[in-house]
Amino acid sequence: MERVKMAEESLETAAEHERILREIESTDTACIGPTLRSVYDGEEHGRFMEKLETRIRNHDREIEKMCNFHYQGFVDSITELLKVRGEAQKLKNQVTDTNRKLQHEGKELVIAMEELKQCRLQQRNISATVDKLMLCLPVLEMYSKLRDQMKTKRHYPALKTLEHLEHTYLPQVSHYRFCKVMVDNIPKLREEIKDVSMSDLKDFLESIRKHSDKIGETAMKQAQQQRNLDNIVLQQPRLGSKRKSKKDVYTIFDTEVESTSPKSEQDSGILDVEDEEDDEEVPGAQDLVDFSPVYRCLHIYSVLGARETFENYYRKQRRKQARLVLQPPSNMHETLDGYRKYFNQIVGFFVVEDHILHTTQGLVNRAYIDELWEMALSKTIAALRTHSSYCSDPNLVLDLKNLIVLFADTLQVYGFPVNQLFDMLLEIRDQYSETLLKKWAGVFRNILDSDNYSPIPVTSEETYKKVVGQFPFQDTELEKQPFPKKFPFSEFVPKVYNQIKEFIYACLKFSEDLHLSSTEVDDMIRKSTNLLLTRTLSNSLQNVIKRKNIGLTELVQIIINTTHLEKSCKYLEEFITNITNVLPETVHTTKLYGTTTFKDARHAAEEEIYTNLNQKIDQFLQLADYDWMTGELDNKASDYLVDLIAFLRSTFAVFTHLPGKVAQTACMSACKHLATSLMQLLLEAEVRQLTLGALQQFNLDVRECERSIPRKPSLIISLVSTFSNESLPDPARCLGSRRTRCSWPSST
């Protein structure tokens, strides 16, 4: 069994070795390693080597047989090969010689080829470089353009360039290092543009704050020119009209009025703006201000997505500026220029805001403008009320009114509601009336103080017509009298009358351009005129009448003057009617009740005459020195009484110009006071007894009064009745001789 088994193993090994040998014979030598590895992995490599040697010998025998069979051919081949070797050597020499020659001849060609190769390489590099540069040049050009735009402060184009550079050009060359530097620098450039544009906006806001005055002045000049043009257009259709203009009315009712009022020859200065630059075109606000910083900054912030931030900043800064503009200077009320500058700044501020509203989309809106205007309106009105209250010059108040009207008209052109300003002007109108009344109080005082209280003498027809032209006076008897002659009134009558008309002119000037109806103007003028008469003129007359040094002649002349002024009130009514075109029959027309002023003044003068006469009589009576115990009779009136009677006669002669009732009352009052005073002399407590002679002397004085003072029968009757009604002591009661004393009853 063991033999059989060994025999089987030997057969398997032999078969394996045979297979390996076939693989060795048929396999490439490069891949023979794995085959040999299988031989050494087994344990029969010795036997394999033997088998391999046997296979080699077998192949050698086959080669030897083959060689022996082809030997002659082999020898011939060797002979031929030897011949070929000689020829090959010759060929080799020729090839070597040719190669040497070729190398020698091709050396320059090789050099040229190397140069050509290098040129081709450079050309390729240059072409690639050009292509890359052509790709980079737009980026660099855009960056250079960006820098130039920022240098020239063209920030909005710079921002557009930056956007193109970032999104269009840089992505194409993003692999270059300089592009990375640019990309990293873009946020910084964007912030720089943002900061610079904001700086420009701040400069713009500062410039606007400084130049608001000029902008407002320009806008108000434009409004003034437009108003003048509108007035010219409105007046042209009336040139052919037969209706009298206000100027014609002034001419008719104010012939040769003395220019005692500053407003009689020239109007307010604010209305004379058209005289300065009548033909010169006034530039608009957009011509005076460069708004491009606002537009640029708005666009830049819009592109950067920060528009809301910009809007809030702009509105906040403008609100601050508005508060500064609306803060009036402390001395604004001193001159008109202070008000003008204040108004110019406000107008300039809102002209700018209106321009921004209409040239930008949403930077400011109507609600924001209205809010600012409401604040400005309230603060402006409050400031005007405060500062105008300090003003005591009516000319300045009138100029202020004209300036406020121009201010309101200017802002109304830009669409701002100004009704509250005109309402405030009605308040200032009352203050203006008060300042006028104070001014005219001084005017009246000067007129009354400077008057000589003597009738106006005229020596020629020209002088007569001049006085009649100043004061409406008609007297047929006086006209018939030859020159020289006298008017019954003194100079203060025409002067006061003309000053009343000047006052009406001044009131009318304030009502111009206030958009008031004729009825309202008429009512305002009449009410102010009534105040002038009942308060200002009345106080002036009362002060003159109550002066300590006033004489009876002056008082009499005052009564005559006030009588004529009272009669002239109807002409003042007509004058007001003509300038306002409101008929006196209108239901709501205010009547001039100033006639009571002259009546009151006349009554006061009459009372002062009565008082003065009584005081003069008392002064004379103080000189009476009766000796109640005398027994002698002088048979003539006392000296003091003679002087008193002479004084009364001269005084009563002056009363001939007074109305009859006034003169009669004055005489009666004087006589009654004299009678009462004489009676009082007898009834004094110190006089306890008197002689018949003293009583007869006293009776003589009384009879002298009855005989000498009155010249008219009615006065004599009145005077006699006055004295006869007094209870004098009966002389019969005095008994005895002339030395007999008469005692008064104890009850007396």
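Residues numbered from 1 in each chain as written. Predicted model: local features only at pLDDT ≥ 70, side-chain atom pairs only at ≥ 80, totals over all residues. Heavy atoms only, no water.

Some details on the overall build of the protein chain
The cut-off we apply is this: Note on conventions: DSSP H or I runs of at least 4 residues are helices, E runs of at least 2 residues are strands, and numbering of each starts at the N terminus. Only protein chains enter the area calculation, which uses a 1.4 Å probe; residues under 20% of their type maximum are buried, those over 50% are exposed, and those in between are partly exposed. All accessible areas in this document rest on Shrake-Rupley with a 1.4 Å probe, and a residue is counted as covered only by the protein chains that are shown.
Of the regular secondary structure elements, the protein chain holds 26 helices and 4 strands. A buried classification covers 41% of the 748 residues belonging to the protein chain. Carbon and sulfur atoms make up 52% of the accessible area of the protein chain, which amounts to about 43600 Å² in all.

Considering the UniProt feature "coiled-coil region" (unreviewed entry) in the protein chain
Which entries qualify depends on this criterion: UniProt positions are given in the numbering used here, feature names are shortened, and annotations may be inferred rather than shown by experiment.
In the numbering used here, UniProt assigns the feature "coiled-coil region" (unreviewed entry) to residues 81-108. Annotation note: span residues 81-108, helix share 100%, strand share 0%, distance between end C-alpha atoms 40 Å.

Examining the packing of aromatic side chains
Applicable threshold: Pairs were defined over the aromatic rings of Phe, Tyr and Trp, the Trp ring being its six-membered one, requiring ring centres within 6.5 Å. Orientation was assigned from the angle between planes: stacked under 30 degrees, edge-to-face over 60, tilted for the rest. Lysine NZ or arginine CZ positioned within 6 Å of the ring centre and within 35 degrees of the ring normal marks a charge as sitting over the ring.
In total, this model carries 21 aromatic pairs according to the counting rule given. Put simply, the rings of Tyr464, Phe471, Phe473, Phe483, Phe487, Phe489 and Tyr497 pair up and form one aromatic cluster. It is Lys501 that lies over the ring of Phe575; its NZ or CZ is 5.4 Å from the centre.

Comments concerning helix α11 (residues 307-325)
How we decide: Residue count minus one, scaled by 1.5 Å, sets the expected span of a helix. The arc in question is traced by the directions running from the helix axis to the C-beta atoms.
Taking 1.5 Å as the rise per residue, α11 with 19 residues should run 27 Å; its terminal C-alpha atoms sit 26 Å apart, in good agreement. Within α11 the residues assigned to the buried category are Phe310, Glu311, Tyr314, Arg315, Arg318, Gln321, Ala322 and Val325. Considered in projection along α11, the buried side chains sweep an arc of 125 degrees and stay on one side of the axis. For α11, exposure combined with an orientation more than 90 degrees from the buried face picks out Glu308, Thr309 and Leu324.

Concerning the nonpolar core
The condition is simple: We define a nonpolar core as any set of buried Ala, Val, Leu, Ile, Met, Phe, Trp, Tyr and Cys residues linked to one another through side-chain atoms lying within 4.5 Å. The contact rule is simple, with two residues in contact once any of their heavy atoms fall within 4.5 Å.
Within the largest apolar cluster, 150 residues are counted, with the highest numbers of intra-cluster contacts made by Leu201, Phe343, Phe350, Phe487, Ile500, Ile525 and Leu678. With residues up to four places along the chain from it excluded, the contact list for Phe487 reads Pro455, Ile456, Val458, Tyr464, Val467, Val468, Phe473 and Leu478. Counting residues in hydrophobic clusters, the runner-up holds 18 residues, among them Tyr143, Leu162, Leu165 and Cys179.

Here we look at the packing of α11 against helix α13 (residues 366-388)
Heads up, the rule is: Interaxial angle, 0 to 180 degrees, is taken between N-to-C directions of lines fitted to C-alpha atoms, where a helix line uses only the stretch in contact. Roughly parallel refers to an angle under 35 degrees, roughly antiparallel to one over 145, roughly perpendicular to one between 65 and 115, and oblique to any angle outside these ranges. For any helix crossing, the convention is left-handed if the near helix is rotated counterclockwise from the far helix by under a right angle, and right-handed if that rotation is clockwise. Classification convention: Asp, Glu, Lys, Arg as charged; Ala, Val, Leu, Ile, Met, Phe, Trp, Tyr, Cys, Pro as nonpolar; all other residues, Gly among them, as polar.
One way to put it is that α11 packs onto α13 with a least axis distance of 11 Å and a crossing angle of 20 degrees. Relative to α13, α11 is oriented roughly parallel. Both α11 and α13 take part in a crossing whose hand is right-handed. Mapping the contact onto sequence places Arg315, Arg318, Arg319, Ala322 and Arg323 in α11 and Tyr368, Glu371, Leu372 and Met375 in α13. When the residues that make up the contact of α11 with α13 are grouped by side-chain class, the tally is 4 nonpolar, no polar and 5 charged.

A look at helix α18 (residues 492-511)
The end-to-end C-alpha separation of α18 is 29 Å, in line with the 28 Å expected for 20 residues at 1.5 Å each. In terms of burial, α18 is largely enclosed, as 19 of its 20 residues are buried. Immediately downstream of α18, the backbone of Asp513 shows phi near 65 degrees, a positive value.

A word on the environment of Ile428
Tracing the backbone shows Ile428 in helix α15 (residues 419-450). Here the alpha-carbon distance between Ile428 and Ser389, two residues 39 residues apart in the chain, equals 8.5 Å. Not counting residues up to four positions away in its chain, the partners in contact with Ile428 are Ser388, Val397, Ile404 and Phe510.

Here's the deal with a positive patch on the surface
Condition: Residues enter patches when their relative accessible area tops 30% and they take part in no salt bridge; the joining distance is 9 Å for like charges and 5 Å for the nonpolar side chains Val, Leu, Ile, Met, Phe, Trp and Tyr. Any Lys or Arg side-chain nitrogen located within 4 Å of an Asp or Glu carboxyl oxygen qualifies as a salt bridge. We count Lys and Arg on the positive side and Asp and Glu on the negative side, and we leave His and both chain ends out. The location of each charge is read from NZ of Lys, CZ of Arg, CG of Asp or CD of Glu.
Taken together, Lys316, Lys320, Arg323 and Lys379 make up a surface patch of like positive charges. The topology assignment puts Lys379 in helix α13.

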